[in-house]
Every structure is written in C-alpha cells, then in structure tokens.
Amino acid sequence: MKKTYHELTITLDDDYVELIADVIANLIDDAVELGTGNIIVRSENDLTSVKDALAAFEGIEMTFSLEEKENKDWIKAYQDSVQPIEAGKFYIFPSWYEPKEELINIKIDPALAFGSGHHATTFSCLQAISTYVKAEDSVVDVGCGSGILGLAAKKLGATVALCDTDPVSVKSTQENFSLNDETYDKLWEGSINKAEGTYDVVIANIIADVLKFIAKDLKKATKENGYLILSGILDKKEKNLLGSYQELTLIERIEKDEWVTLVYKKEING
C-alpha cells in the first residue's frame with residue numbers, strides 16, 4: 001500500500017450524480033462514493049486525467065477538488081458509511097453486514113455500477129417488483145447496472161434476462177449474481193432492441209430521455225397483459241415522457257425524492 005492516495009471530490013447538481021458516476025465507471029476501476037450533490041473518487045493513482053475528462057463534459061456544471069492524502073484505511077471508512085436498506089420485500093446489504101431472516105436478502109457491495117438500492121429510483125423499483133413480479137414470470141432488466149433489480153426478480157422465482165450498454169455493468173451483474181449464488185437466464189451487452197421474444201415484466205431504470213428514445217422497443221418487448229416498470233424519471237421530465245407510453249394503462253405512480261417510477265400495463269386491446 002502506498003503512503004498516500006488521491007481523492008477527487010466532484011460537486012454537482014444531485015440530479016446528475018449517478019449519470020456522472022456512470023461516466024467515471026468507464027474511465028477508471030477505483031472506489032467511487034456517491035453523496036447528495038457530490039461524488040468522491042479515491043485511488044492510489046493520480047486522478048488528474050479523470051478530472052480533466054469530466055471538466056470537458058458539456059451541459060453539466062461541476063466543480064472539482066483534488067487532494068493527496070495520507071493513506072489510512074479509507075476503504076473501511078467507506079464501508080462504514082454504507083448502510084443496509086429495506087425496500088419492499090427486500091433487504092439490500094453489503095457483505096460486511098448479516099442478512100435478515102424475515103426479508104428476501106440481496107447482497108450488494110456498492111461499487112462503480114449503478115444500483116445499490118439507496119437511490120430513490122432503485123428503491124422505488126424494488127417496491128414495484130415486490131408488487132408486480134411473481135414466481136415463473138419472465139422478466140427483463142434493461143440497463144441493469146449492478147443487476148440488483150434482476151436479482152430481486154430472480155429471488156421471487158422469475159426467469160430473468162438482463163442487458164446494459166456498459167460492459168462494466170455487465171461484469172458487475174455477473175459478479176453480483178455470483179455473490180448471491182443466483183444464476184441469470186440471459187445477459188447481454190446492448191439494449192432491449194436485441195431481446196428475443198417478449199416478457200411478462202419489463203423493467204427499465206435509466207433516465208427519462210433514454211426511456212423516451214427506446215419506448216418503441218420497450219413496449220414491443222412487453223407481453224400483452226404484461227407490466228412495464230419505468231424509473232429514473234425526474235418529476236420535471238415526467239410530462240414530456242408520458243406521450244410515448246400513452247397507449248398503455250398507467251396503474252401506479254411512485255414518487256420519492258423528486259424521482260418518479262411509473263408502472264404500466266399493456267392491455268390486450270391497448
């Protein structure tokens with residue numbers, strides 16, 4: 001272990017924290033801590049190139065602080081900052097905590113890929129999965145990130161496929177299914193347009209602009225009388241998205257911390 005490490009703190013609008021964290025995931029393979037309105041990256045390697053790459057990112061205002069610090073046990077400090085959560089039927093916990101017998105346990109060690117259950121969008125999706133996914137359903141998790149939502153569906157007895165355009169997320173999903181002694185039925189790098197067949201439940205926790213862009217493919221992948229769970233939607237973006245799904249029946253709207261999750265049903269005659 002080196003005597004010092006580098007710590008890059010990025011301050012930005014909280015709406016963009018997970019988006020920029022996803023960008024960082026494609027740049028480096030080091031510890032990333034997500035906060036409210038900030039991201040902290042820690043590495044024994046110089047992080048100047050990461051700072052410069054993000055500074056060139058257009059459309060999102062960010063400020064940066066890059067420091068060199070004494071290399072104490074910051075990994076333990078980070079672990080201590082991550083708390084387990086309960087969402088719907090599920091208990092999401094890092095490996096340094098014990099499971100809970102009365103809930104469905106999902107072990108996730110927070111890392112680079114999106115999705116440890118703490119963000120409002122993931123939390124609301126877990127609530128929706130608790131309600132709408134049942135044993136023997138066929139489920140696809142689009143933009144799977146860490147694989148947490150697919151894992152939740154698998155724990156309920158569903159057949160699960162997952163996809164993500166980010167290879168880091170695909171690898172993270174593989175690792176997290178292995179960590180939970182579960183197996184997925186299909187996993188691919190890419191989006192829902194590569195899906196074969198249709199699913200009882202389609203889950204897409206991405207961002208509103210992407211949900212609008214791939215709406216046709218998401219609807220096509222949903223079976224008649226099936227459910228489409230959309231998340232990652234800022235409340236101020238919701239109205240602009242609704243028209244893309246107007247032929248479906250909106251059966252539930254979940255709002256948490258300015259983020260919206262929409263649950264649609266694809267009626268037979270819809």
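The model shown is predicted, which means the values in this text are computed figures rather than measured ones.

## Examining the overall build of the protein
Part 1 of the reasoning: Helix and strand counts for the protein come out as nine helices and 14 strands.
Part 2 of the reasoning: Compactness check: the protein gives a C-alpha radius of gyration of 19 Å against a globular reference of 18 Å for 270 residues, within 12% of the reference.
Part 3 of the reasoning: Its C-alpha atoms put the protein at 65 × 45 × 30 Å along the principal axes.
Part 4 of the reasoning: Once local pairs closer than 6 in sequence are excluded, the contacts in the protein between residues at least 24 apart make up 64%.
Part 5 of the reasoning: As displayed, the protein offers around 13,100 Å² of accessible surface, 47% of which is attributable to carbon and sulfur atoms.

## Concerning the sheet that holds strand β6 (residues 90–93)
The strands making up a sheet associate through hydrogen bonds between their backbones, and the pairing can be parallel or antiparallel.
Part 1 of the reasoning: If you trace the three strands from one edge of the open sheet to the other, you get β5-β6-β7, paired in mixed fashion. Looking at which strands have only one partner, the edges of the open sheet turn out to be β5 (85–87) and β7 (104–107). Strand-to-strand, the axes of this sheet are offset by a mean angle of 25°, without reference to chain direction.
Part 2 of the reasoning: Here β5 pairs with β6 via three bridges, running antiparallel. Looking at the pairing, Glu86 lines up with Tyr91 of β6.

## Things to note about the sheet that holds strand β12 (residues 222–234)
Part 1 of the reasoning: In spatial order, the strands read β10-β9-β8-β11-β12-β14-β13; together these seven strands make up an open sheet with mixed pairing. Edge positions in the sheet fall to β10 (186–189) and β13 (249–256), since each of these pairs with one other strand and no more. Going across the sheet, the axis of each strand differs from the next one's by a mean of 15°, ignoring polarity.
Part 2 of the reasoning: As paired elements, strand β8 (residues 138–142) and strand β11 (residues 199–205) share four bridges and run parallel to each other. Bridging across to β11, Asp141 finds its partner in Ile203.
Part 3 of the reasoning: Running over the sheet, helix α4 (residues 120–132) touches β11, β12, β13 and β14 (259–265) and is turned about 140° from β13.
Part 4 of the reasoning: Across the sheet, helix α6 (residues 167–179) lies against β9 (159–164) and β10, angled at about 160° from β10, the strand it touches most.

## A short note on the packing of α4 against helix α5 (residues 148–155)
Axes are the key here: two packed helices are described by the angle between their axes and the distance separating the axes.
Part 1 of the reasoning: As a packed pair, α4 and α5 sit with axes 10 Å apart at the nearest point and diverge in direction by 20°. Considering their axes alone, α4 and α5 lie roughly parallel with respect to each other. The handedness of the crossing between α4 and α5 comes out as right-handed. Taking contact as the criterion, the partners of Thr122, Cys125, Leu126 and Ile129 in α4 are, on α5, Ile148, Leu149, Ala152 and Ala153.
Part 2 of the reasoning: In terms of residue class, the contact of α4 with α5 is built from seven nonpolar, one polar and no charged.

## Re a negative patch on the surface
Part 1 of the reasoning: Judged by side-chain charge, Asp13, Asp14, Asp235, Asp257 and Glu258 come together as a negatively charged surface patch.
Part 2 of the reasoning: Within the fold, Asp13 resides in the loop between β1 (4–12) and α1 (17–25).

## So, the confidence of the model for the protein
Part 1 of the reasoning: On average, residues of the protein carry a pLDDT of 90, and 92% of them reach 70 or more.
Part 2 of the reasoning: Summarising per-element confidence for the protein, the mean pLDDT is lowest in helix α3 (residues 74–81) (66) and highest in β8 (98).

## Quick word on the pattern of salt bridges
Any two side chains of opposite charge can pair, on the condition that their charged atoms come close.
Part 1 of the reasoning: Here the structure, examined in full by the defined rule, presents 14 salt bridges.
Part 2 of the reasoning: For Asp185, the salt bridge is made with Lys154, and the minimal N-O distance between the two is 3.0 Å. Of this pair, Asp185 sits in the loop between α6 and β10 while Lys154 sits in helix α5, and the two are 31 residues apart along the sequence.
Part 3 of the reasoning: Accessibility expressed as a relative area gives 46% for Asp185, which makes it partly exposed.
Part 4 of the reasoning: The residue Glu238 makes a salt bridge to Arg253 at a minimum N-O spacing of 2.8 Å. With Glu238 in helix α9 (residues 235–242) and Arg253 in strand β13, this residue pair connects regions lying 15 residues apart in the sequence.
Part 5 of the reasoning: Several salt bridges share partner residues, and in doing so they unite Glu7, Glu33, Arg42 and Lys69 into one network.

## Here we look at a nonpolar patch on the surface
Part 1 of the reasoning: Judged by side-chain polarity, Tyr16, Leu19 and Phe57 come together as a nonpolar surface patch covering roughly 220 Å² of accessible area.
Part 2 of the reasoning: Mapped onto the secondary structure, Phe57 falls in the loop between α2 (48–55) and β4 (62–70).

Reading the values: the criteria
- Residues numbered from 1 in each chain as written.
- Predicted model: local features only at pLDDT ≥ 70, side-chain atom pairs only at ≥ 80, totals over all residues.
- Heavy atoms only, no water.
- Helix = DSSP H or I, 4+ residues; strand = E, 2+ residues; numbered from the N terminus.
- Rg over C-alpha atoms; globule rule 2.2 N^0.38 Å.
- Contact = heavy atoms within 4.5 Å.
- Areas by Shrake-Rupley, 256 points an atom, 1.4 Å probe, with all protein chains shown as cover.
- Pairing = 2+ DSSP bridges.
- Axes fitted to C-alpha atoms, helices over the stretch in contact; angles between N-to-C directions.
- Parallel < 35°, antiparallel > 145°, perpendicular 65-115°, else oblique.
- Left-handed = near helix turned anticlockwise from the far one by under 90°.
- Nonpolar A, V, L, I, M, F, W, Y, C, P; charged D, E, K, R; others polar.
- Patch = residues over 30% accessible without salt bridge, like charges linked within 9 Å, V, L, I, M, F, W, Y side chains within 5 Å.
- Salt bridge = Lys/Arg side-chain N within 4 Å of Asp/Glu carboxyl O.
- Lys, Arg positive; Asp, Glu negative; His and termini not counted.
- Charge placed at Lys NZ, Arg CZ, Asp CG, Glu CD.
- pLDDT = per-residue confidence, 0-100.
- Buried < 20%, exposed > 50% of the residue type's maximum accessible area, 1.4 Å probe, protein only.

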